[in-house]
Structures are given as C-alpha cells and as structure tokens.
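Spelled out from the first residue to the last, the chains are:
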Amino acid sequence: MSDDPTRAEEPNGWREITTLVAIALAVVVAAELTIRKIVPMDPRIPEVAEGVAALEASNPDLLILGSSHARSFYAVVNRLEAGRAAVVPAEGGTFQVFNWVLRNRLDPLIRARTPGGARVRDRLARLVLVTTYWDMCPAEYAHFEGNLPSRSWTLDHYADDVLRNGMNPLNRNFVQARFKKLFDLSVLARERGELPTALREALQPPDRDARFAHRIAVRRDEVEGVEYDVCWDPAGRAAFDAIVEYTRAQDLSLTVVLFPLMAETITPKAASTTLARYATWVRERAAAEGFEVVDMTFGAPLERDDFALDCDHVTPAGNERFAEWALAGPLRSLRAEPAR
C-alpha cells in the first residue's frame, strides 16, 4: 500500500481545475451575451479578400478599387446588372496600397488564361479607381502601415516577408489580424479595443451635434494645414503612375473618381490649396496619359447626416442617395456595357 498523498489528491485537483475553467467560460459567455444586448455587433465589412473572391468568381466588365470609400460603390453596383462589377475596398487607402493590391492580388486573376490562351475574364474592360487627396498621404502619417499586412496579405506574403526580414512589428499585424478573425463571432474579441467607448456611448448616447461640430473643426484644420504639407508624397505619385501604366499594359480603360467630401470640413483655403493641387495634378496626368477623371469632390447631394460621425465615410442611407445621383449624372457611363 502506498502512503503517497499526491495520488489521492490528483483527482480532486483535476476536478478543481476543470471547475475553474468551466466557471471562467461561463463568465465569458455571460459577459458576451450581456454586452451583445447593449452593443450589437456590426456586420463584418468587406475587405480586399472579399473583393478578390468576387473577381475570382465572376467575369465582370468593371473592377472598382479604392480605399474604404470604395464600399460606397456597392450601392452603385447593386443598381447595375448582376455580375457586372467587382468591388475591392482596401481599408486605409493610399496609392501605394492600391498599386500593391492591383499587382499582387488582382493581377493573377486579370491575366488568367484558359488552356487555349484566351483570357478567363474576357469581359473585363475598365478599372474604376476611387480616390481622394488623402490617398497621396504616406501611410505612416495616420499610422496605417499595418493595414497592408493585416488586410491585404495572404499567408504566402507573410511567409515571404518573414523569410526576408524576420518577425517584426509590421508583419506581426498579419498574425494579429488572423487571430482576431478566429474569434470573429465574439464581440469581446472583435471590439476589445473600442469596447469601453462603445459601452459608454450605448448607455449614454453622445450629443451628435456636438460630436459633428468637434470633428468638423478638427478636419478643417487638418485638410488646410498639416495635410497640405504631408499629403503630397512622391512615392504616392509614383504609385499612381504605376497604376496608370498597368491599366495600359492590360488594355483596361481607367476612370479615376474623386470621391465626395463632407462640404462642412472644407474651408475656402483648403479648396484652393490641398484639394486644388490634387485635382489639378490628376487632370494633368489624365491629359498626358489619356484616362478619364470624374471629380465628385463637391456637388453630390450629401448633407451632414449622410456622413458618419468621422465626417468622412458615407452612411448606408447616404450611399443610396449617392448611387442614384452618380448613375444619373457623373457616372452614368457605368450603365453601359463597354465592348473590348
């Protein structure tokens, strides 16, 4: 007979551990369900991967690429014949990101051939590039460097980068984004960084007028001040020209859209400096390279409440108004199916 007391205690020890784990899981589940009643989960927004999948599964004649503003074009696409367009929204924007996505994620699908040598997507004839002056900002200005690995890379891109550069803060964004996606159905996992603010605002809704007034004042200063100095990145201009060169090489017509901005955020000085410099440069490039420019910076029938509180992105209801206006006016050419 053994006198070792450990053997007798082991079953009880494991039961205690199991009980603690069960209690912890129950607490987490209860917290999840309680918080969901207070802060409902927003639908998952489409990203580059969804845009790539849409192109892979179709043979559209329009490819729409842009920053988060490109999501407004889902309302436009929904008014066109099914299958005519694929939308690729690259969160955070900048022309360097657009060029990377175009050449690394979209190019293999654009150039794909059948065994007989014909294009798989033989209807594809036009790239619509959705932009604002902000896409000429360097990514580090808004601390958006991590958006490319987290939102646009695949596992192959991550592995290649690690082999070249080792693990670093930039490529670690890919791992963090994939880990977060594993818990996509959990509001605690998805919103953990913003959860305190979301809970506070759900329990005590903020004064929308005050929030708009504050954000408008901030944006007015930014657009006419620091962003005039910063958002004229030579690398951004080179990436823009690389996109133009790519469309020519692939026999795609190019339409560059200057997306609507909230009028209240634009001062006369900003209109005549930051915005005018960008619009003039794009038109000069269009005259030299032969692509189309559709400047919708001003003139869209969008009012303050058609924008989210960030004074940048358009609300779902605003997107419907935007789409109806755009297809009846500045983007009416999208209704016609072009012949290659």
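Residues numbered from 1 in each chain as written. Predicted model: local features only at pLDDT ≥ 70, side-chain atom pairs only at ≥ 80, totals over all residues. Heavy atoms only, no water.

**Q** Quick rundown of helix α10 (residues 208–224)? Include the residues and the values.
**A** The end-to-end C-alpha distance of α10 is 24 Å, a good match for the 24 Å that 17 residues give at a rise of 1.5 Å each. For α10, the set of buried residues is Phe-212, Ile-216, Arg-219 and Val-223. Taken down its axis, α10 places every buried residue within 70° of arc, on the same side. When the buried face of α10 is taken as reference, the exposed residues oriented beyond 90 degrees from it are His-214 and Asp-221. Each element contacted by the buried residues of α10 is listed here: α11 (226–230) and α13 (268–289). Structurally, the start of α10 carries an N-cap: the backbone nitrogen of Asp-209 is 3.0 Å from a side-chain oxygen of Asp-207. (Helix = DSSP H or I, 4+ residues; strand = E, 2+ residues; numbered from the N terminus. Expected span 1.5 Å × (residues − 1). Buried < 20%, exposed > 50% of the residue type's maximum accessible area, 1.4 Å probe, protein only. Arc of directions from axis to C-beta. Contact = heavy atoms within 4.5 Å. Polar contact = N/O pair within 3.5 Å; in protein donor to acceptor, adjacent residues only side chain to side chain.)

**Q** Describe the nonpolar core, naming the residues involved and giving the relevant values.
**A** With 49 residues, the main nonpolar core has Leu-63, Phe-95, Leu-106 and Phe-240 as its most contacted residues. Put simply, the parts of the chain that give this core at least two residues each are α2 (48–56), β1 (62–66), β2 (85–89), α4 (95–110), β3 (126–131), α12 (234–249), β4 (253–258) and α13. Each residue touching Leu-106, except ones within four places of it in the same chain, is listed here: Val-52, Leu-55, Leu-63, Val-88 and Val-101. Val-257, Val-294, Met-296 and Ala-323 belong to the second largest nonpolar core, which has 30 residues in total. (Core = buried A, V, L, I, M, F, W, Y, C linked by side-chain atoms within 4.5 Å.)

**Q** Now, about the sheet that holds strand β5 (residues 292–295): what can you tell me, with residues and values included?
**A** Judged by pairing direction, the sheet is parallel, and its five strands sit side by side in the order β2-β1-β3-β4-β5 without closing on themselves. Of all strands in the sheet, those with a lone pairing partner are β2 and β5, marking the two edges. Taking the axes of each pair of neighbouring strands and ignoring which way they run, one obtains an average angle of 20° across the sheet. Bridge analysis of β3 against β4 gives six bridges, and the strand direction is parallel. Paired with Val-128 across the bridge in β4 is Thr-255. (Pairing = 2+ DSSP bridges. Axes fitted to C-alpha atoms, helices over the stretch in contact; angles between N-to-C directions.)

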